[in-house]
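Breakdown of the fold
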Amino acid sequence: MDLSYIINELGEERGNYFNAVAPPIMQTSNFRVEKVDELKKLFEDEYGGYLYSRGQNPTVEILRKKLAALDQAEDCLVFNSGMAAIFAAVLASTRSGDHIISVENPYGWVKRIFDNTLSRFGVETTYIDGTVLENFEKARRPNTRFIYLESPNSWTYALQDIAGVAGFSKKHGITTLMDNTYCGPLYQQPIPLGIDLCMQTATKYIGGHSDTLGGILTGSKDRIKKIFSNEYLAVGSGIQPFNAWLLIRGLRTLESRMSRITASTWRVLDYLRENKRVERLLFPLDPGFPQYELARNQMKNACGLISFYVKAESRQQIVSFCEGLKHIMMAVSWGGHESLILPRCAVLENQQFERGNPDHRMLRLYVGLEDPDYLIRDLEQSFGRSF
Ligand SMILES: *Cc1c(COP(=O)(O)O)cnc(C)c1O
């Protein structure tokens, strides 16, 4: 399917709404039913029609069709946040007595689900270095039912061999879930590589304007329908029609935003690589990246996030660099129009800073839609004052 078709036409039945180019926001909680037998059918299977917006909603449905196609998946659910999507998928895939294998350092709140919530229901999690395929086999137990992946992750960009892990999991009947937020569907498609459930937060590139949260889960019709009929409806964590509409709008420009960000990222990378205050940088498609070959093989491209280690003598120096930026904002999240900086040492006191610990000297830059020269000038003026 052509990307242009998916983004501009798929799922949109303009004849049903006055041929309006932009779809309406179906801001309704419930839907009228004319026949008792229709009601009966919907009570038996809410997946099959419009009854109540905690389940199906026409605006959300347009978005679901597009996102499923982008991932080359059969079906999709959209949640109110990325974490809601992960929570529903994990809950649907595990039961008491199960064992989970997760990559070390998954997105922080995911660890919270495994360690604080699931542990109360007798589900145990083993964290492994997912860069080594054999580690999955070493950690496997007879009751391993679920594998949690994130490739690349959003700080060190550690990758997993996706097809390798998928093959291993299929052999042992283990369900795989992958957080694909860093790449998104344009730069990496885990489903055709054999992953069962692909998750992505729409808060980042899909929304693209830092004005809404959303979470995406794609997979086979079977799995998605089961999650819809249980966790999605029971927890009530589906996306609201207005937020779905914002995400449809975000999708219209996804490809052009990501191309722009990709080009700018390389400009900023070149600047940082030549910068004498920078000791080392991390970017999956930088030839010096430890898993460069794997990244080139399984990802179509990379953009946006760059991590780098500065030659700081003190925490204060990093504080002064971050606070001295005039245009690049200090904030969590990424994927929006605005460039952002995040220092790892934010969690430390000044006296806890260890010059010899590279983690303490690590920063993450997100390159947004601004002119790259404008960003480089901002980085340079702040480096100049603090280093
Ligand atoms: C932001 C993020 C999430 C969580 O998404 P929310 O929409 O904030 O709930 C999960 N994984 C990664 C990699 C993220 O960057």
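The structure displayed is predicted, hence computed values, not measured ones.

Definitions and limits used
- Residues numbered from 1 in each chain as written.
- Predicted model: local features only at pLDDT ≥ 70, side-chain atom pairs only at ≥ 80, totals over all residues.
- Heavy atoms only, no water.
- Helix = DSSP H or I, 4+ residues; strand = E, 2+ residues; numbered from the N terminus.
- Rg over C-alpha atoms; globule rule 2.2 N^0.38 Å.
- Buried < 20%, exposed > 50% of the residue type's maximum accessible area, 1.4 Å probe, protein only.
- Contact = heavy atoms within 4.5 Å.
- Areas by Shrake-Rupley, 256 points an atom, 1.4 Å probe, with all protein chains shown as cover.
- Lys, Arg positive; Asp, Glu negative; His and termini not counted.
- Charge placed at Lys NZ, Arg CZ, Asp CG, Glu CD.
- Pairing = 2+ DSSP bridges.
- Right-handed = clockwise from strand over helix to strand, strands pointing away.
- Axes fitted to C-alpha atoms, helices over the stretch in contact; angles between N-to-C directions.
- Domains from an automatic or database assignment.
- Buried area = accessible area lost by both parts, 1.4 Å probe.
- Salt bridge = Lys/Arg side-chain N within 4 Å of Asp/Glu carboxyl O.
- Polar contact = N/O pair within 3.5 Å; in protein donor to acceptor, adjacent residues only side chain to side chain.
- Core = buried A, V, L, I, M, F, W, Y, C linked by side-chain atoms within 4.5 Å.

A separate point is the overall build of the protein. When helices and strands are counted, the protein shows 14 helices and 12 strands. What you see for the protein is a C-alpha radius of gyration of 22 Å, in line with the 21 Å of a compact globule of 387 residues. Referenced to the eigenvectors of the C-alpha coordinate spread, the extents of the protein come out at roughly 75 × 55 × 35 Å. When burial is assessed residue by residue, the protein has 55% of its 387 residues classed as buried. A fraction of 72% describes how many contacts in the protein between residues 6 or more apart in sequence connect residues 24 or more apart. Accessible surface, the protein: about 17,400 Å² in total, of which carbon and sulfur atoms supply 50%. Between the centroid of the 44 positive side chains of the protein and the centroid of its 45 negative side chains there is a distance of 1 Å.

Along the polypeptide, S264 turns up in helix α11 (residues 254-273). Looking at S264, the relative accessible area reads 2%, which means it is buried. Each residue touching S264, except ones within four places of it in the same chain, is listed here: V367, E370 and P372.

Moving on to the pairing of strand β4 (residues 144-150). Most of β4 is tucked away: 6 of the 7 residues are buried. Looking at chain direction, strand β2 (residues 99-103) and β4 are connected through 4 bridges and run parallel. When the sheet's bridge partners are listed, H99 is paired in β4 with T144. In terms of strand pairing, β4 meets strand β5 (residues 175-179) through 5 bridges, oriented parallel. When the bridges of β5 are listed, L149 appears paired with M178. Each parallel crossover has a hand, and for β4 linked through helix α7 (residues 162-171) to β5 it is right-handed.

Moving on to the sheet that holds strand β6 (residues 197-201). Within a sheet, adjacent strands bond to each other through the backbone by hydrogen bonds, running parallel or antiparallel. Strand order across the open sheet formed by 7 strands is β1-β7-β6-β5-β4-β2-β3, with mixed pairing between neighbours. The open sheet has two edge strands with one neighbour each: β1 (75-79) and β3 (124-128). The sheet shows a mean angle of 20 degrees between the axes of neighbouring strands, taken without regard to direction. Pairing between β6 and strand β7 (residues 215-219): 4 bridges, direction antiparallel. Bridge pairing in β7 places C198 opposite T218. Relative to β6, helix α4 (residues 82-93) is tilted by about 160 degrees, and along the sheet it contacts β1, β4, β5, β6 and β7. Running at roughly 170 degrees to β4, α7 makes contact with β4 and β5 of the sheet.

Interface extent is often summarised as the accessible area lost during association of the parts. By domain assignment, the protein separates into domain 1 (3-252) and domain 2 (254-386). Distance from the C-alpha centre of domain 1 to the C-alpha centre of domain 2: 29 Å. With 31 residues of domain 1 at the contact, the number on the domain 2 side is 36 residues. Both sides together, the interface formed by domain 1 and domain 2 hides about 3,000 Å², and carbon and sulfur atoms give 60% of it. Looking at the side of domain 1 facing domain 2, the largest losses of area belong to W155, Y187 and Y205, adding up to 32% of the total buried there. Along the contact surface separating domain 1 from domain 2 lie 0 salt bridges. Taken together, the connections running from domain 1 to domain 2 amount to 17 residue pairs in polar contact (both at pLDDT 80 or more).

Here we come to the nonpolar core. Buried together is how nonpolar side chains tend to be arranged in soluble globular proteins. With 73 residues, the main nonpolar core has L67, Y182, L272, F308, I341 and L365 as its most contacted residues. Per-domain counts for this core show at least three residues from each of domain 1 (3-252) and domain 2 (254-386). Each residue touching F308, except ones within four places of it in the same chain, is listed here: L272, V278, R280, L281, I341, R361, M362, L363, L365 and F383. One finds F79, A84, A89 and L197 within the second-largest nonpolar core, a separate group that totals 26 residues.

A few words on the pattern of salt bridges. Under the defined criterion, the tally for this structure stands at 21 salt bridges. The closest approach of N and O atoms between R145 and D98, which form a salt bridge, is 3.7 Å. Taken together, the positions of R145 in strand β4 and D98 in the loop between α4 and β2 put the pair 47 residues apart, joining distant regions of the chain. One continuous salt-bridge network, built from bridges that share partners, spans E12, R14, K66 and R252.

Here S93 shows up in helix α4. Of the residues examined, S93 reaches a relative accessible area of 10% and is grouped as buried.

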